[in-house]
Amino acid sequence: MKLSVYLSGEIHTDWRQKIIDSCADKNLNISFSSAVTNHEASDSAGDFLGKEEKQFWRDHKSAKINAIRTKTLIENCDVAVIRFGEKFKQWNAAFDAGYCAALGTPYITLHDEDINHPLKEVDAAALSCASTPEQIADILKYVITK
């Protein structure tokens, strides 16, 4: 079985690469995708449409351009992994989790245990919750090989 896995959320640590490497070590047949993880590139996605005087409109245009990628990848993935980090509020990750839930796309949350309580509703809709990238790789291995 081959899986398409969308990696959503926090962009300040190497959790995505840890999952990819761990799955490669396990010889899992998975294609990974993600939103744009470079802040500057993401923030400037709409700049080619013209300069804006107000930051709100720049952000608005870029968010819509980025949503083309995000929506397409979420709608076409088999499973999403949604990472909530400790340093920043990941509103985009919460939105992606809700979008997956609305579509019926299975998702797994990845976060430290100390934020279980604020994420209880997000976790309740997830099909699994993990606290390390290695646990994610183990879940994916089970799904593919059992």
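Thresholds, definitions, all that
Residue positions are given per chain, counted from 1 along the sequence in the order it is written. It should be noted that, the model being predicted, local features are given only for residues of pLDDT at least 70 and side-chain atom pairs only at 80 or more, the latter also being counted only at that level, while totals for whole chains, interfaces and linings use all residues. As a rule here, side-chain values come from all non-hydrogen atoms in the structure, and water together with hydrogens is ignored. Numbering of helices and strands runs from the N terminus; a helix is a DSSP stretch of H or I covering at least four residues, while a strand is a stretch of E covering at least two. Buried residues of nine kinds, namely Ala, Val, Leu, Ile, Met, Phe, Trp, Tyr and Cys, make up a nonpolar core once their side-chain atoms join them within 4.5 Å. Burial classification: accessible surface area is computed with a 1.4 Å probe over protein chains only, and a residue below 20% of its type maximum counts as buried, one above 50% as exposed, and the rest as partly exposed. By definition, residues are in contact when any of their heavy atoms lie within 4.5 Å. Picture the helix axis, draw a direction to every C-beta atom, and the arc is the one those directions span. Where helices are involved, their axes are fitted lines through C-alpha atoms of the stretch in contact, as for all axes, and angles between N-to-C directions lie from 0 to 180°. Here is the rule for angles: anything less than 35 degrees is roughly parallel, anything more than 145 is roughly antiparallel, 65 through 115 is roughly perpendicular, and the remaining ranges are oblique. Whether a crossing is left-handed or right-handed is set by the direction in which the near helix is turned from the far one by less than a right angle, anticlockwise for left-handed and clockwise for right-handed. Any residue outside Ala, Val, Leu, Ile, Met, Phe, Trp, Tyr, Cys, Pro, Asp, Glu, Lys and Arg is labelled polar, Gly included; the first ten of those are nonpolar and the last four are charged. Multiplying one less than the number of residues by 1.5 Å gives the expected span of a helix. A pocket, in this scheme, is an open set of points on a 1 Å grid over the protein atoms alone with protein on both sides within 12 Å along at least 5 of 7 lines, while a cavity is a set where a 1.4 Å probe fits but cannot get out; residues line either one if an atom lies within 4 Å of a point. Grid points are joined across faces, edges and corners, and a volume is the space filled by probe spheres set on the points. One requirement defines pairing of two strands: DSSP has to find at least two bridges between them.

Draft legend 1. Spatial organisation of the environment of Gly104. Tracing the chain through its elements places Gly104 in the loop between helix H4 (91–103) and strand E4 (107–110). In this structure, the C-alpha to C-alpha distance between Gly104 and Ala125, residues 21 residues apart in sequence, is 9.9 Å.

Draft legend 2. Representation of the nonpolar core in the model. Counting residues in each nonpolar core, the largest one holds 17 residues, and the members touching the most others are Ile19, Ile30, Val81, Ile136 and Leu140. Elements supplying a minimum of two residues to this core: strand E1 (3–9), helix H1 (15–25), strand E3 (79–83), E4 and helix H6 (133–145). Per element, the largest residue contribution to this core is four residues, and it comes from H6. In contact with Val81, other than residues within four places in its own chain, are Val5, Tyr6, Leu7, Ser8, Trp15, Ile19, Ile108, Leu110 and Ile136.

Draft legend 3. Broad picture of H1. Among the residues of H1, Trp15, Arg16, Ile19, Ser22 and Cys23 are the ones counted as buried. For H1, the angular spread of the buried residues around the axis is 135°, confining them to a single face. On the buried face of H1, the contacting elements are E1, strand E2 (30–34), E3, E4 and H6. Looking one or two places after H1, you find Asn27, whose phi comes out positive at around 55°.

Draft legend 4. Highlighting the packing of H1 against H6. Put simply, H1 and H6 touch, their axes get as near as 8 Å, and they point 40° apart. By the angle between their directions, the pair H1 and H6 is classed as oblique. In this structure, the crossing between H1 and H6 has a hand that is right-handed. Across the interface between the two elements, Trp15, Lys18, Ile19, Ser22 and Cys23 from H1 touch Pro133, Glu134, Ile136, Ala137 and Leu140 from H6. Partitioning the contact of H1 with H6 into residue classes produces seven nonpolar, one polar and two charged.

Draft legend 5. Spotlight on H4. In this model H4 runs 18 Å from its N-terminal to its C-terminal C-alpha over 13 residues, within 8% of the 18 Å that 1.5 Å per residue would give. Inspection of H4 places Ala93, Asp96, Ala97, Tyr99 and Cys100 among the buried residues, and these make up the whole buried set. Looking straight down H4, one finds that the buried residues subtend no more than 165° of arc, so they occupy a single side. Opposite the packed face of H4, turned more than 90 degrees from it, sit the exposed residues Trp91, Phe95 and Ala102. The secondary structure elements touched by the buried residues of H4 are E1, helix H3 (55–76), E3, E4 and helix H5 (120–125). Following H4 by one or two positions, Gly104 adopts a phi angle in the positive range, close to 80°.

Draft legend 6. Just the layout of surface pockets, in detail. When its volume is computed, the largest pocket comes out at roughly 840 Å³. As for the largest pocket, its lining consists of 30 residues, of which Ala35, Ser42, Asn66, Thr70 and Asn92 are closest to the centre. For the lining of the largest pocket, the class distribution of residues is 11 nonpolar, 10 polar and nine charged. Size it by volume and the second largest pocket reaches roughly 220 Å³. For the lining of the second largest pocket, the class distribution of residues is seven nonpolar, two polar and two charged.

Draft legend 7. Expanded view of the sheet that holds E4. Taken in spatial order, the five strands of this open sheet run E2-E1-E3-E4-E5, and their pairing is parallel. The strands lining the two open edges of the sheet, one partner per strand, are E2 and strand E5 (128–130). On average, adjacent strands in this sheet sit at an angle of 25° to one another, irrespective of strand direction. Together, E1 and E2 form the strand contacts of H3, whose direction differs from that of E1 by roughly 140°.

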